[in-house]
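Structural description and commentary
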Amino acid sequence: MGMSNYIMDVEENFWGIVAEFIKEAEHVGDVMERAEQLAKNMAPFMEADAVSDGVGEMWNEYWSEYASG
């Protein structure tokens, strides 16, 4: 496995875990905090802005499904 495949796998696993955080959280800030900490340990190569933007997009997508009911 090449380095780029490894990084892609780590990112995919990271975002899968963040998706679970979103299902459990009541506020996006809680998810941001947990995702930032997870990124430091699991994916330190990820930029903080990318984590923040990704969490925001995932949060909005998840909760839009309930809003459009």
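Details of the structure are given in the entry above.
The following refers to the structure shown. (Residues numbered from 1 in each chain as written. Predicted model: local features only at pLDDT ≥ 70, side-chain atom pairs only at ≥ 80, totals over all residues. Heavy atoms only, no water.)

The next point concerns the overall build of the chain. When its secondary structure is counted, the chain shows three helices and zero strands. Structurally, the chain occupies a C-alpha span of about 45 × 20 × 20 Å along its principal axes. Considering the chain as a whole, with its 69 residues, one finds that 28% of them fall into the buried category. Intrachain contacts of the chain at a sequence separation of at least 6 include 67% that bridge at least 24 residues. Entry remark: accessible area of the chain is about 4,900 Å², with carbon and sulfur atoms responsible for 50%. (Helix = DSSP H or I, 4+ residues; strand = E, 2+ residues; numbered from the N terminus. Buried < 20%, exposed > 50% of the residue type's maximum accessible area, 1.4 Å probe, protein only. Contact = heavy atoms within 4.5 Å. Areas by Shrake-Rupley, 256 points an atom, 1.4 Å probe, with all protein chains shown as cover.)

All right, on to the pattern of salt bridges then. One pass over the full model with this rule turns up two salt bridges. Arg34 is paired through a salt bridge with Glu24; the nearest N and O atoms lie 3.3 Å apart. Residue Arg34 is found in helix α2 (residues 28–42), and its partner Glu24 is found in helix α1 (residues 3–24); the two are separated by ten residues along the sequence. The class of Arg34 is partly exposed, set by a relative accessible area of 39%. (Salt bridge = Lys/Arg side-chain N within 4 Å of Asp/Glu carboxyl O.)

Here we take up the packing of aromatic side chains. Summed over all chains, the structure comprises five aromatic pairs. Ring centres of Phe14 and Trp15 lie 4.8 Å apart, and the angle between their planes is 75°; this geometry places the pair in the edge-to-face category. Ring centres 5.1 Å apart and planes at 90° place the aromatic pair Tyr62 and Trp63 in the edge-to-face group. Within the aromatic cluster, the residues linked to one another by ring pairs are Trp59, Tyr62, Trp63 and Tyr66. When the ring centre of Phe21 is taken as origin, the NZ or CZ atom of Arg34, which lies over that ring, is 3.8 Å away. (Phe/Tyr/Trp six-rings, centres within 6.5 Å; stacked < 30°, edge-to-face > 60°. Lys NZ or Arg CZ within 6 Å of the ring centre and 35° of its normal.)

Ranked by internal contacts, the top residues of the largest apolar core, which has 17 residues, are Phe14, Val18, Ile22, Val31, Ala35, Val51 and Val55. Secondary structure elements with two or more residues in this core: α1, α2 and α3 (48–67). Setting aside residues up to four positions removed in sequence, Val31 forms contacts with Val18, Phe21, Ile22, Ala25, Val55 and Trp59. (Core = buried A, V, L, I, M, F, W, Y, C linked by side-chain atoms within 4.5 Å.)

Attention now goes to α2. Counted at 1.5 Å a residue, the expected span for α2 with its 15 residues is 21 Å, and the 20 Å between its end C-alpha atoms agrees. Of all the residues in α2, the buried ones are Val31, Met32, Ala35, Leu38 and Ala39. All buried residues of α2 lie within an arc of 140° about the axis, which places them on one face of the element. Away from its buried face, by an angle of more than 90 degrees, α2 presents the exposed residues Glu33, Lys40 and Asn41. Lining the buried residues of α2 we find α1 and α3. (Expected span 1.5 Å × (residues − 1). Arc of directions from axis to C-beta.)

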